[in-house]
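# Working through the structure, step by step
For reference, the chains in residue letters:
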Amino acid sequence: GPDTIRQNTPHIHCAVFSPDGKYIFATDFSSDRILRFVLHPNAATPHPSMETTDIEADSGPRHLTFSPNGKYAYLITELSGKVIAFSYDDGRLNQIQTITADTLAARGSADIHLSPDGKYLYASNRLKGDGIAIFSVNPQNGNLAKVGYQQTGIHPRNFNITPNGKFLLVACRDSNIIQVFQRDEHTGLLSDIHRDIILDKPVCIQFTNSVNNP
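So, here is what we can say about the structure in this document. No experiment lies behind these values; they were computed from the predicted model shown. (Residues numbered from 1 in each chain as written. Predicted model: local features only at pLDDT ≥ 70, side-chain atom pairs only at ≥ 80, totals over all residues. Heavy atoms only, no water.)

### Re the nonpolar core
We apply this condition: To qualify as a nonpolar core, a set must consist of buried Ala, Val, Leu, Ile, Met, Phe, Trp, Tyr and Cys residues joined through side-chain atoms within 4.5 Å. Three labels apply to residues, based on accessible area from a 1.4 Å probe with only protein chains included: buried if under 20% of the type maximum, exposed if over 50%, partly exposed otherwise in between. Each helix is a run of DSSP H or I of at least 4 residues and each strand a run of E of at least 2, with the numbering of both proceeding from the N terminus. In this analysis, two residues are considered to be in contact whenever any of their non-hydrogen atoms come within 4.5 Å of each other.
Ranked by size, the top nonpolar core spans 15 residues in total, and within it Y74, V83, A101, L121, F135 and L144 carry the most contacts. When contributions to this core are tallied by element, the ones reaching two or more residues are β6 (72-77), β7 (82-89), β9 (109-114), β10 (120-125) and β11 (131-137). Discounting residues that sit within four places of it in the chain, V83 has contacts with Y74, L75, I76, Q97, T98, I99, A101, I112, L121, A123, F135 and L144. In terms of nonpolar packing, the next biggest core, distinct from the first, is built from 14 residues, Y23, V38, F66 and Y88 among them.

### Focus: the sheet that holds strand β1 (residues 12-17)
So the rule is basically this: At least two bridges found by DSSP between two strands are what make those strands a pair. Every axis corresponds to a line fitted to the C-alpha atoms, with the helix fit spanning only the stretch in contact, and the corresponding angles, defined between N-to-C directions, vary from 0 to 180 degrees.
Read across the sheet, four strands follow the order β1-β2-β3-β4 without closing on themselves; strand pairing throughout is antiparallel. If you trace the sheet from one side to the other, it starts and ends with β1 and β4 (50-54), each paired once. The mean angle between the axes of side-by-side strands here comes to 20°, regardless of whether they run parallel or antiparallel. Pairing between β1 and strand β2 (residues 23-28): four bridges, direction antiparallel. The partner of F17 across the bridge, within β2, is I24.

Here it is, written out as structure tokens:
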């Protein structure tokens, strides 16, 4: 990409399975594109076929997430600070909207997640005005509308939403805390409940399902 400092070497930032389980999509930060790999569970070849979706130059695609209904995908771009919305159909991503998450042009947007019900989308920004941009999702066409912005601790590199949709936890790396926000399921807005989890340099939050064996 055109940023000779931050896009100077190959850099895959994330890889996710498509909702139909047929593909893996990977964000190619340095080349401003999304790679699509076809899954061949029973194939002898170790090199699956690949196709690409080009993104505007100097975007720095970082994280990609699919809507719960499998019809849409949303990409956060680190350098341009935008969320790009796509329609999704059998391996094809078609861009339908671009909306700004980072209004300060800090070139540090990081993570992106949808609420479990698919009604709200959240995107984190770092380096300036650290926080979470909040968008509502139009259920008819997948388009986004900005509804708020929640300030967080320093460097919200990653965040996640609890499986029940009630809380949003932010890994504030340089504040050495996981910040806990209550989520209003009707408005999408966040409230700090002041239940910080102190942890050295948190950078990733994942939830797992535990199974109790008899």
